[in-house]
Amino acid sequence: MNEWLTPPSTKWHRIDGQDLKVKDWIVPIEESNELDEWDAVLVGVPLSRSSISASAASEFPEDFRRSWSLFSTYFIDDMVDLRSMKVADLGDVIMHGTDILCCHSNIEQATKVILGDVKSKLYVSIGGDHSITAPIIRAHADGKRIGIVQFDTHLD
C-alpha cells in the first residue's frame, strides 16, 4: 500500500459460507479497490524492542491474524453478526532491526499515510509494546482532541 507497510504474511483463501470465519471476512488490502470505504481498517505494529524485559509483543499482530480461522463473525451472546461490516487488513508497519526511534518514526509516518489515503470509520492498530502508542497518537491527533482504547495483556 505504501512505503511504510508490508503485507501480512498470513494469507487466507477467502470463501463465503454460512458460518463465516473472521479469516474469510477481513479483506487483505491488496485484494481491495483503493477507493473502497471501510468500516474499519487494521494495521500491525510489530515492535517489542523498547520493552525493559524480554518480550514477544512484536509477534502479536501475526499471531492475532492466525487466530482468525478459529472465530466466527457471529457473536451468539448478543446475536450480532459482523459480516455486513467492511474490514481491511493493511499489513504491518516496517520496523528497523535495532533503531527504536526509526521504528517510532515509521509508525507515525505509516499512520499519517493511512489516515490520509484510506477512508475508514475506525482505525485499529495491533501491537506491539507500549511505545507504539505515542507515535500513533501523534499521527491521529494532529492538533485535535482524540480518544483511544488500549487493551493490554498484563495480568496485573
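Residues numbered from 1 in each chain as written. Predicted model: local features only at pLDDT ≥ 70, side-chain atom pairs only at ≥ 80, totals over all residues. Heavy atoms only, no water.

## Here we look at the layout of surface pockets
Unfilled space is identified by rolling a water-sized probe across the atoms. When its volume is computed, the largest pocket comes out at roughly 1600 Å³. Lining the largest pocket are 49 residues, and of these Val 124, Ser 125, Ile 126, Val 149 and Phe 151 sit closest to its centre. For the lining of the largest pocket, the secondary-structure elements that each account for two or more residues are α1 (22-25), β4 (40-45), α2 (60-66), β5 (74-75), β9 (123-127) and α4 (133-141). Here the residues of the lining of the largest pocket are counted per class, giving 29 nonpolar, 15 polar and 5 charged. (1 Å grid on protein atoms, 1.4 Å probe; cavity = no way out; pocket = protein on both sides within 12 Å on 5 of 7 lines; lining within 4 Å. Points joined across faces, edges and corners; volume = space filled by probe spheres on them. Helix = DSSP H or I, 4+ residues; strand = E, 2+ residues; numbered from the N terminus. Nonpolar A, V, L, I, M, F, W, Y, C, P; charged D, E, K, R; others polar.)

## Describing the packing of aromatic side chains
In this structure the tally under the stated criterion is 2 aromatic pairs. Arranged with centres 5.8 Å apart and planes meeting at 80°, the rings of Phe 64 and Trp 68 form a pair that is edge-to-face. Classification of Trp 68 as buried rests on a relative accessible area of 6%. Here the aromatic cluster, defined as three or more aromatic residues joined through ring pairs, consists of Phe 60, Phe 64 and Trp 68. When the ring centre of Trp 38 is taken as reference, the NZ or CZ atom of Lys 86 above it lies at 4.9 Å. (Phe/Tyr/Trp six-rings, centres within 6.5 Å; stacked < 30°, edge-to-face > 60°. Buried < 20%, exposed > 50% of the residue type's maximum accessible area, 1.4 Å probe, protein only. Lys NZ or Arg CZ within 6 Å of the ring centre and 35° of its normal.)

## Thoughts on empty space enclosed by the protein
This structure, assessed with the given rule, holds 2 cavities of 30 Å³ or more. For the second largest cavity, the calculated volume is near 60 Å³. If you go around the second largest cavity, the residues you meet are Val 41, Leu 42, Val 43, Leu 90, Thr 111, Ile 114, Leu 115, Tyr 123, Val 124, Ser 125 and His 140. Elements with a contribution of two residues or more to the lining of the second largest cavity: β4, α3 (100-117) and β9. Class assignment of the residues belonging to the lining of the second largest cavity gives a composition of 8 nonpolar, 3 polar and no charged.

## Focus: the state of the cysteines
Enumeration according to the criterion identifies 0 disulfides in this entry. With no disulfide of its own, Cys 102 has Cys 103 as its nearest cysteine by sulfur position, at a separation of 5.9 Å. Overall, Cys 102 belongs to the partly exposed group, its relative accessible area being 25%. Take Cys 103: its relative accessible area is 0%, and that puts it in the buried class. (Disulfide = S-S within 2.5 Å.)

## Overview of unusual backbone geometry
The peptide bond linking Gly 127 to Gly 128 adopts the cis configuration, its omega dihedral lying at 10°. Within the element layout of this structure, Gly 128 appears in the loop between β9 and α4. Look at Met 79: it is not a glycine, yet its phi comes out positive at around 50°. Among the secondary structure elements, Met 79 is positioned in the loop between β5 and β6 (80-81). The backbone phi angle of Asp 142 is positive, close to 40°, even though this residue is not glycine. Within the element layout of this structure, Asp 142 appears in the segment after α4. Accessibility expressed as a relative area gives 64% for Asp 142, which makes it exposed.

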